[in-house]
Amino acid sequence: MNFQNIIGNDNIKELLSKSLETHNLVHSYMFIGPDGIGKSLFARDLAEIILCDEKSSCGFCSSCIKFESGNHPDYTFIDSEDGKSIKIGQIRLMQESIAEKPIVSNNKVYIINNSDLMTTEAQNCLLKTLEEPPEYVTIILISSNESKLLNTIKSRCTKITFKSLSNADLEKYANINGIQINSNLFSVYNGSIGKLISLNNEIDLYNSLDLVIGSFETRDIVDIWNNSEVIYKSKEKIFDILDYLNIVFLNNLRNTNDYKFINCISFVELTKKRLLSNANYDMCIDNLLLHVWKYYHSN
Ligand SMILES: [Zn+2]
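Residues numbered from 1 in each chain as written. Predicted model: local features only at pLDDT ≥ 70, side-chain atom pairs only at ≥ 80, totals over all residues. Heavy atoms only, no water.

**Here we look at the overall build of the chain**
Right, on to step 1. Counting secondary structure elements, the chain contains 15 helices and five strands.
Right, on to step 2. Principal-axis analysis of the C-alpha atoms gives the chain an extent of 75 × 40 × 35 Å.
Right, on to step 3. Here the chain, with 299 residues, has 47% of them falling under the buried criterion.
Right, on to step 4. Partitioning the intrachain contacts of the chain with sequence separation of at least 6 by distance along the chain shows that 68% fall at a separation of at least 24.
Right, on to step 5. Accessible area of the chain: about 15,600 Å², with a carbon and sulfur share of 48%.
Right, on to step 6. The centroid of the 29 positive side-chain charges in the chain is displaced by 5 Å from the centroid of its 37 negative side-chain charges. (Helix = DSSP H or I, 4+ residues; strand = E, 2+ residues; numbered from the N terminus. Buried < 20%, exposed > 50% of the residue type's maximum accessible area, 1.4 Å probe, protein only. Contact = heavy atoms within 4.5 Å. Areas by Shrake-Rupley, 256 points an atom, 1.4 Å probe, with all protein chains shown as cover. Lys, Arg positive; Asp, Glu negative; His and termini not counted. Charge placed at Lys NZ, Arg CZ, Asp CG, Glu CD.)

Next comes the structure, spelled out in structure tokens:
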């Protein structure tokens with residue numbers, strides 16, 4: 001099955017698989033949707049399939065072997081070189097390459113990642129190619145900010161809109177790739193694999209904070225001091241830590257309707273203000289932990 005390594009957006013898998021089966025792929029696609037949900041991975045898979053001798057990313061033909069080694073002469077991935085813009089020079093080079101016939105496959109595929117970073121000149125230049133692409137060429141524009149693309153560009157591409165992944169999709173991805181998931185963070189992941197991966201770097205910190213939060217339930221305040229060392233030691237990450245505490249308190253508020261969590265959230269916000277005005281760090285944290293513990297036991 002095509003696109004088997006891609007999680008979510010099953011309707012798009014079906015649509016493109018059908019187009020492949022019936023030889024109805026168009027020459028220019030635009031993949032639209034939020035960052036970090038797998039648009040470029042999807043485009044890359046589609047490119048491999050289009051170039052494959054068997055039209056299935058078989059993994060064995062000379063095209064697939066070249067593709068997977070990152071060395072396929074008929075495949076070009078274009079992105080911003082300075083992180084700010086895609087310039088007209090890059091599009092001109094692409095056009096020179098497009099004019100040359102494919103070498104290994106019967107087709108050529110060009111992906112323009114972050115295509116909304118193309119300058120207006122670059123977009124106008126690309127327009128000519130989108131109007132009359134050679135028969136063997138497929139161009140895939142990827143964008144998370146469609147409004148920055150000219151209407152003339154958009155009208156020449158078949159638009160495919162990707163949706164954020166469900167929590168279940170994220171869990172599936174995390175399991176397959178050996179990534180830990182913290183269910184408190186689903187609202188922050190916001191359906192993005194990119195966000196899941198970047199937050200995974202701090203997963204040990206978040207897990208330690210779960211222990212701190214768990215200890216608020218205990219009657220014995222000594223437990224809190226024992227478990228909270230991570231907060232005292234992580235001064236440089238304190239604003240991430242405070243944001244995390246409030247995410248958990250907000251989740252708890254939604255799940256229980258218990259007003260004590262509103263007090264907790266307010267005190268975390270007050271702590272942020274105190275820290276920003278250079279109050280003593282340890283004293284701010286002492287105060288925070290004491291107050292949150294008090295709110296937990298106020299009923
Ligand atoms: Zn193949």
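**Describing the coordination of the zinc ion**
Right, on to step 1. Protein-derived coordination of the zinc ion comes from Cys-52 (SG), Cys-58 (SG), Cys-61 (SG) and Cys-64 (SG), at a distance range of 2.3 to 2.4 Å.
Right, on to step 2. Between the donor residues of the zinc ion, the gaps in sequence give the motif C-x5-C-x2-C-x2-C. (Donors = N, O, S within 2.8 Å, 3.2 Å for Na, K, Ca; no water.)

**Points about the pairing of strand β4 (residues 137-143)**
Right, on to step 1. Counting buried positions over the seven residues of β4 gives seven, a clear majority of the element.
Right, on to step 2. A two-sided burial pattern is seen for β4, the buried positions comprising Val-137, Ile-139, Leu-141 and Ser-143 on one face and Thr-138, Ile-140 and Ile-142 on the other.
Right, on to step 3. Across five bridges, strand β1 (residues 28-32) lies against β4 in parallel orientation. The residue of β4 that forms the bridge with Met-30 is Leu-141.
Right, on to step 4. Sheet analysis places strand β3 (residues 108-112) next to β4, joined by five bridges and oriented parallel. (Pairing = 2+ DSSP bridges.)

**Thoughts on the nonpolar core**
Right, on to step 1. Of all hydrophobic cores here, the largest spans 46 residues; its most connected members are Tyr-189, Leu-209, Phe-216, Ile-231, Ile-238, Phe-249 and Tyr-296.
Right, on to step 2. No other element matches the nine residues that helix α13 (residues 238-256) contributes to this core.
Right, on to step 3. For this core, the two domains that each supply at least three residues are domain 2 (170-200) and domain 3 (203-296).
Right, on to step 4. Residues Ile-50, Leu-51, Val-109 and Ile-140 belong to the second largest nonpolar core, which totals 23 residues. (Core = buried A, V, L, I, M, F, W, Y, C linked by side-chain atoms within 4.5 Å. Domains from an automatic or database assignment.)

**Topic: helix α4 (residues 88-99)**
Right, on to step 1. Over its 12 residues, α4 runs 17 Å from end to end, which matches the ideal 16 Å to within 8%, given 1.5 Å per residue.
Right, on to step 2. Taken residue by residue, α4 has Gln-90, Ile-91, Met-94, Gln-95 and Ile-98 as its buried positions. Summarising the axial view, the buried residues of α4 lie within an arc of 140°, below the 170-degree limit, and thus occupy one face. Seen from the buried face of α4, the exposed residues on the opposite side, beyond 90 degrees, are Leu-93, Glu-96 and Ala-99.
Right, on to step 3. In this structure, the buried side of α4 is in contact with β2 (75-78), β3, α5 (120-131) and β4. (Expected span 1.5 Å × (residues − 1). Arc of directions from axis to C-beta.)

**Brief notes about the packing of aromatic side chains**
Right, on to step 1. According to the stated counting rule, one finds 12 aromatic pairs in the structure shown.
Right, on to step 2. Considering the side-chain rings of Phe-216 and Tyr-296, the 5.4 Å spacing of their centres and the 35° angle between planes classify their relative orientation as tilted. Taken as a pair, Phe-216 in the loop between α10 (203-215) and α11 (221-227) and Tyr-296 in helix α15 (residues 281-296) lie far apart in primary sequence, 80 residues in all.
Right, on to step 3. Seen in terms of ring centroids, Phe-249 and Phe-261 are 6.3 Å apart; in terms of plane orientation they differ by 25°. Their pairing is stacked. With Phe-249 in helix α13 and Phe-261 in helix α14 (residues 260-276), the pair connects residues that are 12 residues apart, well separated along the chain.
Right, on to step 4. Taking the relative accessible area as the measure of exposure, Phe-249 reaches 0% and is therefore buried.
Right, on to step 5. Ring pairing ties together the aromatic residues Phe-3, Tyr-29, Phe-31, Phe-42 and Phe-162, which thus form one cluster. (Phe/Tyr/Trp six-rings, centres within 6.5 Å; stacked < 30°, edge-to-face > 60°.)

**Brief notes about a nonpolar patch on the surface**
Right, on to step 1. Together, Val-222, Trp-225 and Leu-290 line one region of the surface with nonpolar side chains, adding up to about 250 Å² of accessible area.
Right, on to step 2. Within the element layout of this structure, Leu-290 appears in helix α15.
Right, on to step 3. Owing to a relative accessible area of 38%, Leu-290 belongs among the partly exposed residues under this scheme. (Patch = residues over 30% accessible without salt bridge, like charges linked within 9 Å, V, L, I, M, F, W, Y side chains within 5 Å. Salt bridge = Lys/Arg side-chain N within 4 Å of Asp/Glu carboxyl O.)

**A closer look at the packing of α10 against α13**
A pair of packed helices can be characterised by two numbers: the angle between their axes and the separation between those axes.
Right, on to step 1. Interhelical geometry of α10 versus α13 gives an angle of 55° and a closest axis separation of 11 Å. In this view, α10 runs oblique relative to α13, as classed from their interaxial angle. Here α10 runs over α13; the crossing is right-handed. In this structure, α10 uses Leu-205, Tyr-206, Leu-209, Asp-210 and Ile-213 to contact α13, whose residues at the interface are Ile-241, Tyr-244, Leu-245 and Val-248. (Axes fitted to C-alpha atoms, helices over the stretch in contact; angles between N-to-C directions. Parallel < 35°, antiparallel > 145°, perpendicular 65-115°, else oblique. Left-handed = near helix turned anticlockwise from the far one by under 90°.)

**Notes on helix α7 (residues 167-176)**
Right, on to step 1. Listing the buried residues of α7 in full gives Asp-169, Leu-170, Tyr-173 and Ala-174. Down the axis of α7, the sector holding all buried residues measures 135°, keeping them to one side. Those residues of α7 that are exposed and angled more than 90 degrees off the buried face are Ala-168, Asn-175 and Ile-176.
Right, on to step 2. Trailing α7 by a residue or two, Gly-178 shows a phi angle of about 60°, which is positive.

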